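Structure at a glance
Read off the chains here:
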Amino acid sequence: MTVYFIGAGPGDPELLTLKARRIISECPVCLYAGSLVPAEVVACAPEGAKVMDTAPMHLDETHAEILAAHQACQDVARVHSGDPSLYGAIAEQIRRLKADGIDYQIIPGVPAYAAAAAALGTELTVPEVAQSIILTRMSMKSTGMPEGETLENFARTGATLAIHLGVRALREIERQLIPLYGEDCPCVVVYRVGWPDQMLIRGTLSTVREKVRAAKITRTALIMVGPALADSHGFPDSALYDAAKPHVLRPKAAVIS
């Protein structure tokens with residue numbers, strides 16, 4: 001018996017990986033986070049499977065379902081949104097599985113920041129503008145952040161920020177980031193990326209909060225901040241496809257007349 005932690009992607013059922021779909025279709029028990037995972041994602045569960053939305057359940061209850069499946073020698077598809085390694089709350093579940101001697105595997109999924117970049121039609125690592133992406137979150141009512149993991153510290157790098165759980169803290173995000181990125185730094189709030197009601201709210205650190213307020217968005221949104229998000233073509237081409245710069249797979253530089 002195995003518990004499969006499956007990344008369902010951001011919401012679009014077609015972004016489910018082939019491996020994830022196969023495993024869901026084979027497991028007699030499927031537990032999915034219904035607040036963030038559409039029912040369409042787990043519609044491929046086999047006929048007669050026990051499919052449960054875990055949104056109203058707590059950890060003891062979900063683990064009890066896994067223990068019951070373990071006793072019945074039934075594999076479990078534990079389906080989370082995005083990629084389960086990012087804010088998937090799987091660490092505490094894995095701790096219990098290890099304590100009970102239950103095998104598990106993690107099946108990666110498309111993370112929200114990648115789906116957001118695709119929806120925006122942009123690259124997050126632009127040559128000589130930003131070559132790093134920082135995935136972080138606001139603490140708010142969630143578990144506190146470790147010391148040193150602050151927006152100010154991250155902003156000092158100039159990297160592209162992908163901020164989870166922060167749409168209700170946009171005023172605080174402004175306060176912390178404007179002194180380091182500037183009030184005209186591009187900021188995009190991506191609401192329910194991959195869902196039919198997806199919204200992309202573009203602005204700057206000084207304007208996006210009012211736009212989000214007008215759209216009445218209070219949850220399920222990813223905040224993207226950084227100069228790489230600017231709609232500008234003033235950056236240089238990367239060296240990867242530069243005809244004048246050979247590399248191991250293209251050992252000879254092209255002669256350009």
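Procedures and definitions
- Numbers given to residues run from 1 along each chain, matching the order in which its sequence is written.
- Residues qualify for local features only when their pLDDT is at least 70, as the model is predicted, and side-chain atom pairs are given and counted only at 80 or more; totals for whole chains, interfaces and linings, by contrast, use all residues.
- Excluded from the side-chain calculations are hydrogens and water; all other atoms, namely the structure's heavy atoms, are used.
- Put simply, DSSP H or I for four residues or longer makes a helix, DSSP E for two residues or longer makes a strand, and each gets a number counted from the N terminus.
- Summary of the burial criterion: residues with accessible area below 20% of their type's maximum are buried, those above 50% are exposed, and those between are partly exposed, where the area comes from a 1.4 Å probe applied to protein chains only.
- Two residues qualify as a contact provided that any one of their heavy atoms is within 4.5 Å of a heavy atom in the partner residue.
- Note that accessible areas follow from Shrake-Rupley with a 1.4 Å probe, and for residues the cover is restricted to the protein chains shown.
- When charges are counted, Lys and Arg contribute as positive and Asp and Glu as negative, whereas His and the chain ends are disregarded.
- Charge positions are represented by NZ for Lys, CZ for Arg, CG for Asp and CD for Glu.
- Remark: nonpolar core denotes a set of buried residues (Ala, Val, Leu, Ile, Met, Phe, Trp, Tyr, Cys) joined through side-chain atoms within 4.5 Å.
- Think of a salt bridge as a Lys or Arg side-chain nitrogen and an Asp or Glu carboxyl oxygen that are within 4 Å of each other.
- When DSSP finds at least two bridges between two strands, those strands are taken to pair.
- Whenever a helix is involved, its axis is fitted only over the stretch in contact; in every case the axis is a line through C-alpha atoms, and angles between N-to-C directions fall within 0 to 180 degrees.
- Each domain's extent is set by a domain assignment, obtained either automatically or from a database.
- Once two parts are joined, some of their accessible surface, as seen by a 1.4 Å probe, is lost; buried area is that loss totalled over both.
- Pairing of N or O atoms within 3.5 Å defines a polar contact, subject to two protein rules: one partner must be a possible hydrogen donor and the other a possible acceptor, and residues neighboring in sequence count only if both atoms are side-chain atoms.
- For this classification, Asp, Glu, Lys and Arg are treated as charged, while Ala, Val, Leu, Ile, Met, Phe, Trp, Tyr, Cys and Pro are nonpolar and the rest, including Gly, are polar.

Looking now at the overall build of the protein. When you go through the protein residue by residue, the secondary structure sums to seven helices and 10 strands. Along the first, second and third principal axes, the C-alpha set of the protein runs to 70 × 50 × 35 Å. Buried residues in the protein amount to 42% of all 257 residues. The contacts of the protein with a sequence gap of at least 6 include a subset with a gap of at least 24, amounting to 66%. Per element, the accessible surface of the protein, about 14,100 Å² overall, is 52% carbon and sulfur. Charged side chains of the protein number 24 positive and 28 negative; the gap between the two group centres comes to 3 Å.

Before going further, it helps to examine the nonpolar core. Among the nonpolar cores identified, the biggest contains 26 residues, and L161, I163, I173, L177 and V225 are the most heavily contacted of them. Counting only elements with at least two residues in this core, the list comes to α5 (151–155), β7 (160–164), α6 (170–181), β8 (186–191), α7 (208–215) and β10 (221–225). Setting aside anything within four residues of it in sequence, one finds L161 in contact with I134, L151, F154, L177, Y181, I223, M224 and V225. Formed by 20 residues, the second largest nonpolar core is a distinct cluster that contains Y4, L16, A20 and I24.

Okay, the pattern of salt bridges next. Under the counting rule described, the total for this entry stands at seven salt bridges. A salt bridge links D60 to R96; the nearest nitrogen and oxygen atoms lie 2.6 Å apart. Remark: R96 occurs in helix α3 (residues 91–99) and D60 occurs in helix α2 (residues 59–71); sequence separation between them is 36 residues. A relative accessible area of 46% means that D60 is categorised as partly exposed. It is possible to trace a salt-bridge network through shared partners that takes in E174, R209 and E210.

Judged by pairing direction, the sheet is parallel, and its five strands sit side by side in the order β3-β2-β4-β1-β5 without closing on themselves. Across the chains shown, the open sheet's two edge strands, defined by having one partner strand only, are β3 (50–53) and β5 (103–107). For this sheet the average axis-to-axis angle between neighbouring strands, irrespective of direction, equals 15°. The pairing of strand β1 (residues 2–7) with β5 spans five bridges and is classified as parallel. Across the sheet, residue F5 finds its bridge partner in β5, namely I106. Packing of α2 onto the sheet brings it into contact with β1, β2 (29–32), β3 and β4 (76–80), and relative to β2 it is tilted by some 165°.

All right, on to the sheet that holds strand β9 (residues 199–204) then. In space, the five strands of this open sheet follow the order β6-β7-β10-β8-β9, with mixed pairing throughout. In this open sheet, the two strands that pair with only one neighbour each are β6 (133–137) and β9. Across the sheet, the mean angle from the axis of one strand to that of its neighbour is 20°, orientation sign disregarded. Relative to β9, β8 is paired through six bridges, and the arrangement is antiparallel. For V188, the partnering residue across the bridge sits in β9 and is R202.

This next bit is on the domain arrangement of the protein. Structurally, the protein comprises domain 1 (3–107) and domain 2 (112–229). Relative placement of domain 1 and domain 2: their C-alpha centres are 28 Å apart. Each partner contributes residues to the interface: domain 1 has eight residues there, and domain 2 has 10 residues. Where domain 1 abuts domain 2, roughly 800 Å² becomes buried across the two surfaces, and 69% of that area is made up of carbon and sulfur atoms. Sorting the residues of domain 1 by area buried against domain 2 places P10, L86 and Y87 first, and these three jointly supply 60% of that buried surface. Remark: the boundary between domain 1 and domain 2 carries zero salt bridges. At the junction of domain 1 with domain 2, the criterion picks out three residue pairs in polar contact (both at pLDDT 80 or more). Of the residues contributing to the side of domain 1 that touches domain 2, the split by class is six nonpolar, one polar and one charged.

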